[in-house]
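# Fold and contact review
Now for the letters of each chain:
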Amino acid sequence: MNPVLAHSDLPHGLPDFGAISDADFLPAFETAMADHLAEVDAIASNPDTPTFANTIAALEFSGRSLARASGVFFNLVGPDTNPTRNEIAQQLSTRLTDHGNEIALDPRLFARISELYAQIETLDLTEPQRRLLARRYRDAVRSGAGRQSPDQDEMRTISSRLAYLTTAFSQRILDDTNASAVLVESVAELDGLSAGEIAAARRAAIDAGHGSGHLLTLELPTSQSVLTSLSDPAVRRRIFDASVRRCSRGNDFDTRELVLEIVTLRARRAHLLGYRDHAEYVIAEETAPGPAAVETLLRELAASATRAAEREIAQLDTSDGPIGPADLTYRLVRERRSQAAVPLDDFADYCELDTVIENGVFHAAKVLYGLRFTPRPDLPAYHPDVRVWEVFDESDTSIGLFLGDYYARPSKRGGAWMNNIVDQSAVLGDRPIVVNVLNLTEPDAGEPCLLTMDQLTTLFHEFGHALHGLLSAVDYPSQSGTSVPRDFVEFPSQVNEMWALHPDVLANYARHHRTGTAIPAELAEAARESVRTESAHSTVEYLAAAILDLAWHRVTVDDTVTDVEAFEARVLTDAGLDPELIPPRYRSAYFNHVFGGGYSAGYYSYIWSEVLDAETEQWFLAEGGLRRESGSRFAASTLSRGDSVDPLVAHQGLIGRTARIEPLLLRRGLLEVPGSA
């Protein structure tokens, strides 16, 4: 049997990655898709009266081989791709889309689903079953079922083309991000970087085939973390220019024509389905009431954040010359250091990766949720850098597997994310297999991997997504874990960030990587204070990207956009932002979240979810902080429920009311006091 589809005797069906070759993937998908279509045909042609069991549940549990193949392959493409896998992904992008359309647009199947949906108020269904039926009906309608043949045909063509374009977009970004790395010949030009960072840059140069020099690889966002440390302004400008010019230089990696075609096709699809634009089409399925409400929130926050950023910049020392976009984060960090009673330069010495994972991330999960993580070096992973843990609950029952993939490599796309290889389902007896992916610089052999404040936060953030998957306790796999509205999915991960610097957690992991001494109390408090006074610059960066995303997806079929940069500049200027001094976190040409990933018209979700997160943090603190009882309540209301309940109703039940925006404004320093300067 094809090893991609073969039953695995490993815990929880962990794929035997060592037995799988790239040549196995396409045959596995062909078999799995054929089997799935046969299963769906049996459901659609069933002569019996439609019931939830013989139609909706049957559809839910069909295509398990396809789910397995997808869980294996698409987990590999992000963190460990190669030219063969890229080509397979490009082929599958259209074939899987066509496969999904063939099912969604089957008139026999849609008739059965529609008949059940018309009776949804009278059928004896549980809440998860009602939500599953309603979702299946809406998904079919949003795919074009019920439309006449010409529209359906066009919908199929659009969906297939979009699948191709978004996959190509992601691949070009990875290629150009690797190609845009900056080679620095003199080590003196790296003044400000740590010895570990300099060694990593030299190793990157060797790996890339350079006989000399140091290679500074790029991160996915516009702002590059090394810009906060490099003292040489010329080197900072080289790195900044390389970052902002990605995918827009007229070469093979240029994505601007992809952006314009993607936007046009998304607008056309929305029009065919009766929506004004793609944003309206997307947000109809989210917790936000509509694009207008999102736009109002983003613009109001942008106005406050811009004023705060202007105050920040006005305080900066300009004796070294005018401040350009390549200098801003460097000057902001330098200003913070000059004002800080306790400098944070030594904080990373107390944040060694393995210690933080075991005594910080896992410790908090044990106290809050009763979880235990046991290393399983005997289990196969998809790359030598990947570690595997088996996860147990308080009754010593194995509830799933957790894989950690922390180090950057050329085959891995930028950023950080969580992925499921297997979704939890009580009915199927499937336990989750969850992966966390980061892009930390791998240290030299024998040297520690020390985390910056941002990296520490990211580690806890992504583990919040992992907890959402690991603690899932639902019947239906499509409702498990992070299968919630896009503007809710970031909420649990943002909540988990609060434990990174919580006194009880920090005290458990923050030991000097050489001496083992505990972090000084004043340094720990300085770290917490730095988070409480987050730079307005980073808020403006994020909001600019969110506003840009929404603007692209408010384009209608009657609008014509021909120049990506001109559109971008107009949108940001109209919003009162200065894209020259503070560019958006992602410019359009390398905005993978929205043109290559699943966040189109949804990048606002981070700040939307943060409203809930800020309230929930206050709730946890009011309940006593790191307590098992509070963790149990949060898991019961949110982490275990996935999309089997209305997530906003569940959150209101947790905190006892509707979330307010004031805690978020206070956290980000945007709650202005009347009469203040």
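Anything mentioned here points back to the structure above.
Residues numbered from 1 in each chain as written. Predicted model: local features only at pLDDT ≥ 70, side-chain atom pairs only at ≥ 80, totals over all residues. Heavy atoms only, no water.

## A look at the side chain of Asn-54
By the secondary structure assignment, Asn-54 is in helix H2 (residues 52-60). A distance of 2.8 Å separates a polar atom in the side chain of Asn-54 from the backbone nitrogen of Thr-51. Here Arg-112 takes part through its side chain, which lies 3.1 Å from a polar atom of the side chain of Asn-54. Beyond its immediate sequence surroundings of up to four residues, Asn-54 is in contact with Ile-43, Asn-46, Asp-48, Thr-49 and Arg-112. (Helix = DSSP H or I, 4+ residues; strand = E, 2+ residues; numbered from the N terminus. Polar contact = N/O pair within 3.5 Å; in protein donor to acceptor, adjacent residues only side chain to side chain. Contact = heavy atoms within 4.5 Å.)

## Some thoughts on the packing of aromatic side chains
Scanning the entire structure with this criterion turns up 34 aromatic pairs. When the centroid spacing of 5.4 Å and the interplanar angle of 20° are considered together, the rings of Tyr-586 and Phe-591 count as stacked. Pair check on accessibility: Tyr-586 and Phe-591 agree, each one buried. Among the aromatic residues, those joined into a ring-pair cluster are Phe-488, Phe-491, Trp-499, Trp-619, Phe-620 and Phe-634. Cation over ring: Arg-486 sits above Tyr-599, and NZ or CZ is 4.2 Å from the ring centre. (Phe/Tyr/Trp six-rings, centres within 6.5 Å; stacked < 30°, edge-to-face > 60°. Buried < 20%, exposed > 50% of the residue type's maximum accessible area, 1.4 Å probe, protein only. Lys NZ or Arg CZ within 6 Å of the ring centre and 35° of its normal.)

## A short note on empty space enclosed by the protein
A probe as big as a water molecule, rolled over the atoms, marks out the empty space that is left. Applying the stated criterion to the full structure yields three cavities of 30 Å³ or more. Along its surface, the largest cavity is lined by Thr-222, Ser-223, Leu-227, Phe-240, Pro-325, Thr-329, His-537, Glu-541, Leu-581 and Pro-583. Residues of the lining of the largest cavity, tallied by class, amount to five nonpolar, four polar and one charged. (1 Å grid on protein atoms, 1.4 Å probe; cavity = no way out; pocket = protein on both sides within 12 Å on 5 of 7 lines; lining within 4 Å. Points joined across faces, edges and corners; volume = space filled by probe spheres on them. Nonpolar A, V, L, I, M, F, W, Y, C, P; charged D, E, K, R; others polar.)

## Structural notes on unusual backbone geometry
The backbone phi angle of Cys-247 is positive, close to 60°, even though this residue is not glycine. Note that Cys-247 resides in the loop between helix H9 (233-244) and helix H10 (256-272).

## Overview of the nonpolar core
In terms of nonpolar packing, the biggest core is built from 151 residues, with Tyr-369, Phe-373, Phe-402, Leu-456 and Tyr-509 touching the most fellow members. Looking at this core element by element, the count peaks at 12 residues for helix H19 (residues 536-552). Discounting chain neighbours no more than four positions away, the residues touching Phe-373 are Phe-362, Ala-365, Trp-389, Glu-390, Val-391, Phe-402, Phe-463 and Leu-470. In terms of nonpolar packing, the next biggest core, distinct from the first, is built from 32 residues, Val-4, Leu-14, Ala-32 and Met-33 among them. (Core = buried A, V, L, I, M, F, W, Y, C linked by side-chain atoms within 4.5 Å.)

## As for helix H14 (residues 353-369)
Phe-362 marks the point of greatest bend in H14, at about 35°. Every buried residue of H14 is accounted for by Leu-353, Val-356, Ile-357, Gly-360, Val-361, Phe-362, Ala-364, Ala-365, Leu-368 and Tyr-369. The N-capping residue of H14, defined by a side-chain oxygen 3.2 Å from the backbone nitrogen of Asp-354, is Glu-352. (Bend = angle between axes of the 7 residues up to and from the residue.)

## Focus: the packing of helix H1 (residues 25-44) against helix H5 (residues 107-118)
At a minimum axis separation of 9 Å, H1 and H5 run at an interaxial angle of 55°. Our classification of the angle between H1 and H5 gives oblique. Judged by the sense of rotation from one axis to the other, the crossing of H1 with H5 is left-handed. Where H1 abuts H5, its residues Val-40, Asp-41, Ile-43 and Ala-44 lie against Arg-108, Leu-109 and Arg-112. Residue composition of the contact of H1 with H5, grouped by class: four nonpolar, no polar and three charged. (Axes fitted to C-alpha atoms, helices over the stretch in contact; angles between N-to-C directions. Parallel < 35°, antiparallel > 145°, perpendicular 65-115°, else oblique. Left-handed = near helix turned anticlockwise from the far one by under 90°.)

## Quick notes on the pairing of strand E5 (residues 398-407)
A regular strand places its side chains so that they alternate between the two faces of the sheet. The element E5 is extensively covered by neighbouring structure, given that 10 of its 10 residues are classed as buried. Sheet topology places strand E4 (residues 387-392) next to E5; six bridges connect them, and they run antiparallel. Of the residues in E5, the one forming a bridge with Arg-387 is Gly-404. Adjacent in sequence and paired antiparallel, E4 and E5 are bridged by five residues, among which Asp-396 carries a positive phi angle near 65°. In this structure, E5 lies alongside strand E7 (residues 433-440), joined through six bridges in parallel fashion. Within E7, the position partnered with Phe-402 by the bridge is Val-434. (Pairing = 2+ DSSP bridges.)

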